[in-house]
Amino acid sequence: DSGVTQTPKHLITATGQRVTLRCSPRSGDLSVYWYQQSLDQGLQFLIQYYNGEERAKGNILERFSAQQFPDLHSELNLSSLELGDSALYFCASSVRGLAVYNEQFFGPGTRLTVL
Amino acid sequence: AQTVTQSQPEMSVQEAETVTLSCTYDTSENNYYLFWYKQPPSRQMILVIRQEAYKQQNATENRFSVNFQKAAKSFSLKISDSQLGDTAMYFCAFMKHREYGNKLVFGAGTILRVKS
């Protein structure tokens, strides 16, 4: 158990819909990362938040957005869903303080299926 | 931009044998980290081993060791005494050093099958 929790584990929805994925980082971790794993694109970085602020963006679609709340949990919002958005979405957390190296701990993922 | 290449889509090995998974990367950074992650059928991402670029000594974790060739930008994983539980997808990953944390850049992965 990495200490990172993600809900829900599975999500099945229809095209055009909107969903919210939730992530609770390890206790004390300030950074949260979202990754997408799909057959087409492999494992891709989407976005990073550090202590409530967006720090880095990857190949995240405009239909997707995220935020990190004061309690440090994060949500990834996916809207106008398309079939190609079906994937495993991982959340990871790191950085309990400024350090030379910060390992990322991954949650179990949310499996999104768009029908 | 950094890229990570794993040229072996699939590999198989007999139980108790040794197998080496290959990884190359491209970067202009001098301060970075390299990782091997394991993803078993459960889909959980598990860190196997990491290597700091400033360290010349190759990292070792029990049966897992790496061959880090910085000039050649090569980072291979050797698994000794392979076990059935090693069956998984293995990802090589790169991370630039940033004090607030940084994204991981992953390779496409290598499926490893350990046969009894």
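Right, let's walk through the structure included here.

About the criteria used
- Residues numbered from 1 in each chain as written.
- Chains lettered and ligands numbered in written order.
- Predicted model: local features only at pLDDT ≥ 70, side-chain atom pairs only at ≥ 80, totals over all residues.
- Heavy atoms only, no water.
- Disulfide = S-S within 2.5 Å.
- Helix = DSSP H or I, 4+ residues; strand = E, 2+ residues; numbered from the N terminus.
- Pairing = 2+ DSSP bridges.
- Axes fitted to C-alpha atoms, helices over the stretch in contact; angles between N-to-C directions.

Structural notes on the state of the cysteines
Right, so step 1: This model, assessed by the stated rule, comprises two disulfides over all chains.
Right, so step 2: A disulfide bridge connects Cys23 of chain A with Cys91 of chain A, and the sulfur atoms are separated by 1.8 Å. Here the S-S torsion is close to -50°, and the disulfide linking Cys23 of chain A with Cys91 of chain A is therefore left-handed. You can see Cys23 of chain A sitting in strand E3 (residues 19-24) and its partner Cys91 of chain A sitting in strand E9 (residues 87-94), a full 68 residues away along the chain.
Right, so step 3: Here Cys23 of chain B connects covalently by a disulfide to Cys92 of chain B, the sulfurs 2.0 Å from one another. Judged by the sign of its S-S torsion, about -70°, the bond between Cys23 of chain B and Cys92 of chain B is left-handed. Taken as a pair, Cys23 of chain B in the loop between strand E3 (19-21) and strand E4 (24-26) and Cys92 of chain B in strand E10 (residues 88-96) lie far apart in primary sequence, 69 residues in all.

So, the sheet that holds strand E7 (residues 64-68) of chain A
Residue and element names in this part refer to chain A.
Right, so step 1: Across the sheet, which stays open at both edges, the four strands sit in the order E1-E3-E8-E7 with antiparallel pairing between neighbours. Each edge of the sheet is formed by a strand with only one pairing partner; in this case those strands are strand E1 (5-7) and E7. On average, adjacent strands in this sheet sit at an angle of 15° to one another, irrespective of strand direction.

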